[in-house]
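Summary of structural features
So the chains spell out like this:
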Amino acid sequence: MQVTFLGTSSGVPTLNRNVSAMVLKPPQRSELWLFDCGEGTQHQFIRSNLKLSQIKKIFITHMHGDHIYGLPGLLASIGLAGSSSGIELFGPAPLKNFIDSCLYNSSSRLAYSLKFHKVENAAINKEILFEDSDLEVKTAPLKHRIPSFAYRVNQKSRPGRFDIDKAKSQKIPPGPVYASLQRGEEVRLDDGRTFSGKEFCGPPRPGVSMVYCTDTVYTESAIEISREADLLIHEATYAFKETEMAYQRGHSTATMAAEIAAKANVNQLILTHLSPRYSPGNQTCPNDLLNEAKAIFPNTQLAKDFLQIDVNKSRNCNSS
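Everything in this summary refers to the structure shown in the same document.

**Points about the pattern of salt bridges**
- As enumerated under the stated definition, the model contains 10 salt bridges in all.
- Between Glu31 and Arg29 there is a salt bridge whose closest N-O contact spans 3.8 Å. Pair check on accessibility: Glu31 and Arg29 agree, each one buried.
- We note a salt bridge from Lys138 to Glu136, for which the minimum N-O separation is 3.7 Å.
- Taking the relative accessible area as the measure of exposure, Lys138 reaches 34% and is therefore partly exposed.
- Its relative accessible area of 14% is what places Glu136 among the buried residues.

Put into C-alpha cells, the structure is as follows:
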C-alpha cells in the first residue's frame, strides 16, 4: 500500500504546497484511490508519476473548497481522455449535488458513470463503508465547523508464506496447484495424492492499515478510528501557540495530532494540511510543528507535496 501527497497546504495553495489531495495505491492493483481534491489537483497528477485514468474511487472528507474545488475539473478531464470505466465517490451528502450542478452548468458530459455513496450513516453507526476480498474502508465523524469525516483503509490478512521447497520435496508439480495450496485449499493430484494448503503455508500475515484524518480539532473519534494503524495521516494546521485559534476554527495543532497518534498507538504519524502562515522564512516554520509533534510522538514525519510513503507492518515506513 503506497500513499502519495499531492497537496499539503490548508486553505490556499502556496509556492511549495498545493491544497489538500492524497492518493492511495492499493496493493497489487493497477488503480488509484484519491482522498480529497483541492484546486489544481489534476496539475499535481501531471507533475507526478500517477495517472488520472487509474482513479477508481474518490473519498471526500468534507465540503470546504480547499478539499473539493479541484474535483469538477478533474472529472471532466478524465471524461475527455475517455479512459475511465467508472468512478465511485464517497463523501458527505451534499457532494452529489455539488458535482451534478458543476457538470450541468458547465455543459459537461462524462463518458463514464459516477456512483455516489453518502458516508454519514456508516460513520454514525460504525459500519463498513466499502469492502471487497482484499480491503475494507471505515469512516468516522470528526469535529469541524461543518460535517467532516475520517477514513481508514484496512488490508485484510493474507495467507502465510508458501513453502516452495517443501512442495518440491513432496514432488508436487509447479503451476496453478501451487497457487491453490497457497490459498489454503485442498488439492488432488493426477496421481491420486491429496494435499492441504495448510501443510505448506506459514501463519496468516496481517495486512497494513492507513488512516486519513482532516479537518478536525482534537476528538475521541479520531483516536478510535486510528487505533493500531500502521500509518496515521493527520492535519496539523496550527502550532501549539495557536491552540485557541485551532479550537475556534475546528482544526488541530501539531501537538493534538501527536496526542491522537500516541493514544491510538499507531506506527507512524505524518502531519499535513499546514497553514500558509508557517511557510519557510516566517517566524514559525513547518519544522517547528514537526518538533512539537515529535516531542510527544517521535515517529512523526512532515508531509510535503509529492512525498511517497510505502505503508509497512514494521515500526518504520520507507519514504522517498
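**As for unusual backbone geometry**
- The residue after Thr214, namely Asp215, is reached through a cis peptide bond having omega -5°.
- Along the chain, the position of Asp215 falls in the loop between β12 (209–213) and α8 (220–226).
- If you check the backbone angles, Ser107 has positive phi at about 55° while not being a glycine.
- Exposure remark for Ser107: the relative accessible area of 56% places this residue in the exposed category.

**Section: helix α3 (residues 71–81)**
- Of the residues making up α3, those classed as buried are Leu71, Pro72, Leu74, Leu75, Ile78 and Gly79. Along α3, the residues classed as buried sweep out an arc of 165° about the axis, all on the same side. Those residues of α3 that are exposed and angled more than 90 degrees off the buried face are Leu80 and Ala81.
- Positive backbone phi, approximately 65°, marks Gly82, located one or two places after α3.

**Regarding the packing of aromatic side chains**
- Applying the stated criterion to the full structure yields 11 aromatic pairs.
- Taken together through their ring pairs, the aromatic side chains of Trp33, Phe35, Phe59, Phe90, Phe130, Tyr151 and Tyr212 make up a single cluster.
- It is Lys166 that lies over the ring of Phe200; its NZ or CZ is 5.5 Å from the centre.

The rules behind the values
- Residues numbered from 1 in each chain as written.
- Predicted model: local features only at pLDDT ≥ 70, side-chain atom pairs only at ≥ 80, totals over all residues.
- Heavy atoms only, no water.
- Salt bridge = Lys/Arg side-chain N within 4 Å of Asp/Glu carboxyl O.
- Buried < 20%, exposed > 50% of the residue type's maximum accessible area, 1.4 Å probe, protein only.
- Helix = DSSP H or I, 4+ residues; strand = E, 2+ residues; numbered from the N terminus.
- Arc of directions from axis to C-beta.
- Phe/Tyr/Trp six-rings, centres within 6.5 Å; stacked < 30°, edge-to-face > 60°.
- Lys NZ or Arg CZ within 6 Å of the ring centre and 35° of its normal.

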